[in-house]
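So you can see what is in the structure, the chains are spelled out below.
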Amino acid sequence: MTDADNLAQRRWFVLVGVRLAGVAGALLGLILIARAHDLGPKILGTAIVLSAMAMIAIVPRSLAHRWRSPDA
């Protein structure tokens with residue numbers, strides 16, 4: 001593999017890792033919401049789920065934009 005291929009592979013793994021971390025955070029928030037009996041932890045769980053969903057949507061797209069190859 002060339003250096004460009006290795007770099008592309010590492011970046012792809014980073015994008016997938018960010019998405020998986022966001023999914024894990026959303027699942028953590030859902031578990032917190034499901035097990036909470038008081039309002040405070042439910043609000044915290046909802047905030048975690050919303051921030052994880054934003055992370056899933058925004059971070060990989062911004063990284064891909066930053067890493068995009070310049071037009072030749």
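Structure shown above.
Because the structure is a prediction, the values reported are computed rather than measured.

Glancing now at the overall build of the chain. Counting secondary structure elements, the chain contains two helices and zero strands. Its C-alpha atoms give the chain a radius of gyration of 17 Å, clearly above 11 Å, the size a compact globule of 72 residues would have. Reported as C-alpha extents along the three principal axes, the dimensions of the chain are approximately 55 × 25 × 10 Å. Out of the 72 residues belonging to the chain, those deemed buried represent 17%. For the chain, the proportion of contacts with a sequence separation of at least 24, taken over those separated by at least 6, is 56%. For the chain, the computed accessible surface area is about 5,600 Å², with 68% contributed by carbon and sulfur atoms.

On to a nonpolar patch on the surface. Residues Val23, Leu27 and Leu30 make up a contiguous nonpolar surface patch of roughly 260 Å² in combined accessible area. For leucine 27, a relative accessible area of 48% puts it in the partly exposed group.

Moving on, we get to the packing of helix α1 (residues 3–35) against helix α2 (residues 39–67). Running from amino to carboxyl end, α1 crosses α2 at an angle of 170°, the nearest separation of the two axes being 7 Å. Relative to α2, the element α1 lies roughly antiparallel.

A few words on α1. With 33 residues, α1 extends 48 Å between its outermost C-alpha atoms, agreeing within 8% with the 48 Å of an ideal straight helix rising 1.5 Å per residue. Where α1 is buried, its residues meet α2.

Our next topic: the environment of serine 62. By the element assignment, serine 62 lies in helix α2. Put simply, serine 62 and alanine 4 are 58 residues apart on the chain and 20 Å apart in space, counted from C-alpha to C-alpha. There is a polar contact of 2.9 Å between the side chain of serine 62 and the backbone oxygen of valine 59.

Now for the packing of aromatic side chains. For the structure shown, the criterion picks out one aromatic pair. Centre to centre, the rings of tryptophan 12 and phenylalanine 13 are 5.3 Å apart; their planes meet at 65°, and the pair counts as edge-to-face. A relative accessible area of 51% places tryptophan 12 in the exposed class.

Cut-off values and rules
- Residues numbered from 1 in each chain as written.
- Predicted model: local features only at pLDDT ≥ 70, side-chain atom pairs only at ≥ 80, totals over all residues.
- Heavy atoms only, no water.
- Helix = DSSP H or I, 4+ residues; strand = E, 2+ residues; numbered from the N terminus.
- Rg over C-alpha atoms; globule rule 2.2 N^0.38 Å.
- Buried < 20%, exposed > 50% of the residue type's maximum accessible area, 1.4 Å probe, protein only.
- Contact = heavy atoms within 4.5 Å.
- Areas by Shrake-Rupley, 256 points an atom, 1.4 Å probe, with all protein chains shown as cover.
- Patch = residues over 30% accessible without salt bridge, like charges linked within 9 Å, V, L, I, M, F, W, Y side chains within 5 Å.
- Salt bridge = Lys/Arg side-chain N within 4 Å of Asp/Glu carboxyl O.
- Axes fitted to C-alpha atoms, helices over the stretch in contact; angles between N-to-C directions.
- Parallel < 35°, antiparallel > 145°, perpendicular 65-115°, else oblique.
- Expected span 1.5 Å × (residues − 1).
- Polar contact = N/O pair within 3.5 Å; in protein donor to acceptor, adjacent residues only side chain to side chain.
- Phe/Tyr/Trp six-rings, centres within 6.5 Å; stacked < 30°, edge-to-face > 60°.

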